[in-house]
Amino acid sequence: MFDHMKLLRCFSFTASRDWFFRQSFANAGLRSVVTDLSHGNSIASTTMHCWIPKSPNRTKPNLLLLHGFGANAMWQYGEHLRAFTGRFNVYVPDLLFFGLSSTSEQNRTESFQARCLMRLMEAHGVHRMSIVGISYGGFVGYSLAAQFPEKVEKLVLCCAGVCLEEKDMEDGLFKVPNLEEATGILIPQTPEKLKELIRFSFVKPMKGVPSFFLWDFIDVMCTEFVEEKRDLIKSILKDRRLSDLPRIKQKSLVIWGEEDQIFPLELGYRLKRHIGENAEIVVIKKAGHAVNLEKSKEFLKHLKSFLIDSL
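Residues numbered from 1 in each chain as written. Predicted model: local features only at pLDDT ≥ 70, side-chain atom pairs only at ≥ 80, totals over all residues. Heavy atoms only, no water.

As recorded in an unreviewed UniProt entry, the protein goes by the name AB hydrolase-1 domain-containing protein, listed as coming from Brassica campestris.

In structure tokens:
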């Protein structure tokens, strides 16, 4: 019997779209590079993949775009890339355990992710940058800004529940009742779970997507590093208290979908209060957690006004 996975790969919509994004990133002047970050005799082997400028212009500022869970970085920033490549040296990495990035180190915290990213940026000669972080990428971006204040200029945090506390889960802030359920949805392994993720992420989710397409997406995007990704989610929640979260001083823009069902809007206001006078918040109406995709033009307008118009 013909292996249905092979059949899927032959006629894979997801793989074709991925190829399309790869071409568009290359056409925007970026190249795909894998960097070994292992220090000399260090036991932990760590490699990170990143889209970097083919010919960086050292007179331009640098911009680091950090993805969340879901499809890879190309899918999350593909529509916005060209708005920035003319004004910035743009860097789009795969975070550890996404795409071609991984480590044998056991640390799953966002602060470890941030330290690896800083090593990656330094390996590419980047010592100052602004950052956009979507969802989980916002956790990592916030940690970069806190750990390396002199290296991070501006910060955009999009639907990033950085200010959540472990007790929020027990207090019923989230629609999902427990961590097990949350990881099942965020790292979907069945069409039913992927449909739930789409329902939670969009205000107007597409209806009637054939399960063939859903299986195809899971096969291409969701089958690698499943346990490690679960550990990343557990790590951001474990013992998390707002009182432990460092304050950052960088000028920050908080962007949130008004109807976000994964990280409710309350967490956006909490984040604005926590950062204080250096932060502004923009709430986008009729948008959920995937605000960068659902309200792409509006999302881009706010990014440009914050990152470019004030240059």
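Still more to cover.
**Points about the nonpolar core**
Applicable threshold: Nonpolar cores were defined as sets of buried Ala, Val, Leu, Ile, Met, Phe, Trp, Tyr and Cys residues, with membership established by side-chain atoms within 4.5 Å. Exposed residues in this analysis have more than 50% of their type's maximum accessible area, buried residues have under 20%, and partly exposed residues fall in between, with area computed by a 1.4 Å probe over protein chains only. Labels follow the DSSP assignment, with helices taken as runs of H or I lasting at least four residues and strands as runs of E lasting at least two, numbered in each case from the N terminus. Contacts between residues were defined by any pair of non-hydrogen atoms, one from each residue, lying within 4.5 Å.
In terms of nonpolar packing, the biggest core is built from 102 residues, with Phe84, Val92, Tyr136, Tyr142, Leu144, Leu271 and Leu307 touching the most fellow members. The leading source of residues in this core is helix H5 (residues 110-123), at seven residues. Look past the residues within four positions of Val92 in its chain and what remains in contact with it is Phe25, Leu30, Cys50, Trp51, Leu65, Ala73, Tyr77 and Leu81.

**Regarding the UniProt feature "domain: AB hydrolase-1" (unreviewed entry) in the protein**
Definition in use: UniProt positions are given in the numbering used here, feature names are shortened, and annotations may be inferred rather than shown by experiment.
With numbering matched to this structure, UniProt assigns "domain: AB hydrolase-1" (unreviewed entry) to residues 61-164. With 34% helix and 24% strand, the stretch residues 61-164 has end C-alpha atoms that lie 31 Å from each other.

**Section: the pairing of strand E8 (residues 251-257)**
Each regular strand shows side chains that alternate between the opposite faces of the sheet. What counts, and what does not: Strand pairing is assigned whenever DSSP identifies at least 2 bridges connecting the two strands.
Of all seven residues making up E8, six are buried, and the element is well covered by its neighbours. In this sheet, strand E9 (residues 279-284) lies alongside E8 in parallel orientation, the contact comprising six bridges. Note that in E9 the partner of Val254 across the bridge is Ile281.

**Remarks on the packing of aromatic side chains**
Here a ring pair, both rings aromatic, is described through the centre-centre distance and the interplanar angle of the planes. Cut-off, in case you're wondering: Two rings from Phe, Tyr or Trp (for Trp, the six-membered ring) form a pair when their centres sit within 6.5 Å of each other. Planes less than 30 degrees apart are called stacked, planes more than 60 degrees apart edge-to-face, and all others tilted.
Enumeration over the complete set of coordinates arrives at 14 aromatic pairs. Consider the rings of Phe69 and Tyr136, whose centres lie 5.4 Å apart with planes at 75°: the pair is edge-to-face. Here Tyr136 lies in helix H6 (residues 136-147) and Phe69 lies in the loop between strand E3 (62-66) and helix H3 (73-77), a separation of 67 residues in the sequence. You'll find Phe69 and Tyr136 in the same group, each marked buried.

**Side note on helix H9 (residues 191-201)**
For H9, the full list of buried residues reads Pro191, Leu194, Glu196, Leu197, Ile198, Phe200 and Ser201. Packed against the buried residues of H9 are helix H8 (179-186), helix H10 (211-221) and helix H13 (291-294).

**Looking at unusual backbone geometry**
Leaving glycine aside, a negative phi is the common case for residues, and trans is the common case for peptide bonds. With a phi angle near 75°, Phe97 is a residue other than glycine that sits in the positive phi range. Relative to the helices and strands, Phe97 is located in the loop between strand E4 (89-93) and strand E5 (102-103). Of the residues examined, Phe97 reaches a relative accessible area of 3% and is grouped as buried. Of note, the phi angle at Phe225 is positive, near 55°, even though the residue is not glycine. Here Phe225 is to be found in the loop between H10 and helix H11 (226-237).

**A short note on the pattern of salt bridges**
Counted only if it meets this: Salt bridge, as used here, is a side-chain nitrogen of Lys or Arg placed within 4 Å of a carboxyl oxygen of Asp or Glu.
By the definition in use, this model includes 14 salt bridges. For the salt bridge of Glu196 with Lys193, the shortest nitrogen-to-oxygen distance reads 3.3 Å. Here the residue Glu196 and the residue Lys193 both occupy positions in helix H9, the gap between them amounting to three residues, near one helical turn. Under the relative-accessibility criterion, Glu196 is labelled buried at 17%. Judged by relative accessible area, Lys193 falls into the partly exposed class, the value being 24%. Measuring nitrogen to oxygen at the nearest pair gives 3.2 Å for the salt bridge that ties Glu266 to Arg270. Of this pair, Glu266 and Arg270 both sit in helix H12 (residues 265-275), four residues apart, which is roughly one turn of that helix. Overall, Arg270 belongs to the buried group, its relative accessible area being 12%. Several salt bridges share partner residues, and in doing so they unite Asp168, Glu266, Arg270 and Arg273 into one network.

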